[in-house]
Amino acid sequence: ISQEEVLSFPKYGNQISVLTPMSEQRGVLRQSLIPGLLKNINYHINRQMENTHFFEIGHVFYEGKESNHLAIAMHGKFYDTLWQKNDINVDFYLLAGMLDKLADTLNLDFSIIKNDNIDGLHPGVSGNIMFKNEVCGFIGRVHPKEEKKLDLNATFVLELNLDKILGNKNSLNYEPITKYPSVTRDISFVIEEKYAMGDVINLIKQTGRKIITNVV
């Protein structure tokens, strides 16, 4: 990818330059999968395909290290009902829900910590993805200046370092089936805006770990 693209999104170390690049746009090895996915979205929008959602699993490179990443980029409507007008637009919470679904499938436990200083992401709509108290990725809306470069509307992305996750997965624990029926409660809280939802969910899990099996 280009030097500009490397500098536009999170970096993990010193960049690696290609000795004999085909062009200036191919002069540096990528440190993020996001630039390629955004260009893919731009390509499809230019061909009248506004609702586009892509993922990629691939390697990123920086000095002395190569790691395997998963990235998702979403633009437009996630669900288009046409005549019913019950469309679902892509937003931060939809992508966070996909992250939760991935966590359930892989038996992992992610949390999101707000971070307004992630390169290439919109301040206030971005955060670090945490796994076992360690940053393993990021999630949020692409910064408007990056969207403008590719003529994109609101675009949401996440990227995970799979090497940090899959090499340290939670073990599966089997328990006898309880003879008592499960209890599900839908509880609403009114709290001040200064408290992040991720912090509230983590507090509930920590406080009621003996009796609560899941919080969504």
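Residues numbered from 1 in each chain as written. Predicted model: local features only at pLDDT ≥ 70, side-chain atom pairs only at ≥ 80, totals over all residues. Heavy atoms only, no water.

A. Structural view of the overall build of the chain. What the chain contains, in helices and strands, is six helices and eight strands. Helices (α) and strands (β) of the chain occur, in sequence order from the N terminus, as α-α-β-β-β-β-α-β-β-β-α-β-α-α. Referenced to the eigenvectors of the C-alpha coordinate spread, the extents of the chain come out at roughly 65 × 50 × 35 Å. For the chain, with 216 residues in total, the buried portion stands at 34%. Relative to all contacts within the chain whose residues are 6 or more apart in sequence, the contacts with residues 24 or more apart total 50%. (Helix = DSSP H or I, 4+ residues; strand = E, 2+ residues; numbered from the N terminus. Buried < 20%, exposed > 50% of the residue type's maximum accessible area, 1.4 Å probe, protein only. Contact = heavy atoms within 4.5 Å.)

B. Here's a closer look at the packing of aromatic side chains. Under the defined criterion, the tally for this structure stands at three aromatic pairs. Taken together, a centroid distance of 6.0 Å and an interplanar angle of 40° make the contact between Y12 and Y62 tilted. Note that Y12 is positioned in the loop between α1 (3-8) and α2 (34-45) and Y62 in strand β1 (residues 52-62), a separation of 50 residues in sequence. Residue classification places Y12 among the partly exposed residues on the basis of a relative accessible area of 35%. Residue Y62 is classed as buried on the basis of its relative accessible area of 12%. Above the face of the Y43 ring, R47 is positioned so that its terminal group lies 3.7 Å from the ring centre. (Phe/Tyr/Trp six-rings, centres within 6.5 Å; stacked < 30°, edge-to-face > 60°. Lys NZ or Arg CZ within 6 Å of the ring centre and 35° of its normal.)

C. Main features of a nonpolar patch on the surface. On the surface, I187, F189, I191 and Y195 cluster together into a nonpolar patch covering about 460 Å² of accessible area. Relative to the assigned elements, I191 resides in the loop between α5 (162-166) and α6 (197-207). The partly exposed category is assigned to I191, whose relative accessible area is 43%. (Patch = residues over 30% accessible without salt bridge, like charges linked within 9 Å, V, L, I, M, F, W, Y side chains within 5 Å. Areas by Shrake-Rupley, 256 points an atom, 1.4 Å probe, with all protein chains shown as cover. Salt bridge = Lys/Arg side-chain N within 4 Å of Asp/Glu carboxyl O.)

D. Summary view of the pairing of strand β2 (residues 65-75). Among the 11 residues that make up β2, nine are buried, leaving the element largely enclosed by the rest of the structure. Pairing geometry for β1 and β2, over 11 bridges, is antiparallel. Paired with H59 across the bridge in β2 is N68. Between β1 and β2, which pair antiparallel one after the other, the connecting turn spans two residues, and G64 there sits at a positive phi close to 80°. (Pairing = 2+ DSSP bridges.)

E. Quick look at the pairing of strand β7 (residues 134-142). Note: strand β6 (residues 121-131) against β7, seven bridges, orientation antiparallel. Residue pairing across strands places M130 opposite V135, the latter belonging to β7. Relative to strand β8 (residues 155-161), β7 runs antiparallel, the two sharing five bridges. Looking across to β8, one finds that I139 is bridged to L158.

F. How the structure looks around the sheet that holds strand β5 (residues 110-114). Spatial ordering of the open sheet is given by β1-β2-β8-β7-β6-β5, a layout of six strands whose pairing is antiparallel. In the strand order of this sheet, the two ends are held by β1 and β5, each with one partner. Averaged over all pairs of adjacent strands, the angle between strand axes in this sheet comes to 25°, irrespective of strand direction. (Axes fitted to C-alpha atoms, helices over the stretch in contact; angles between N-to-C directions.)

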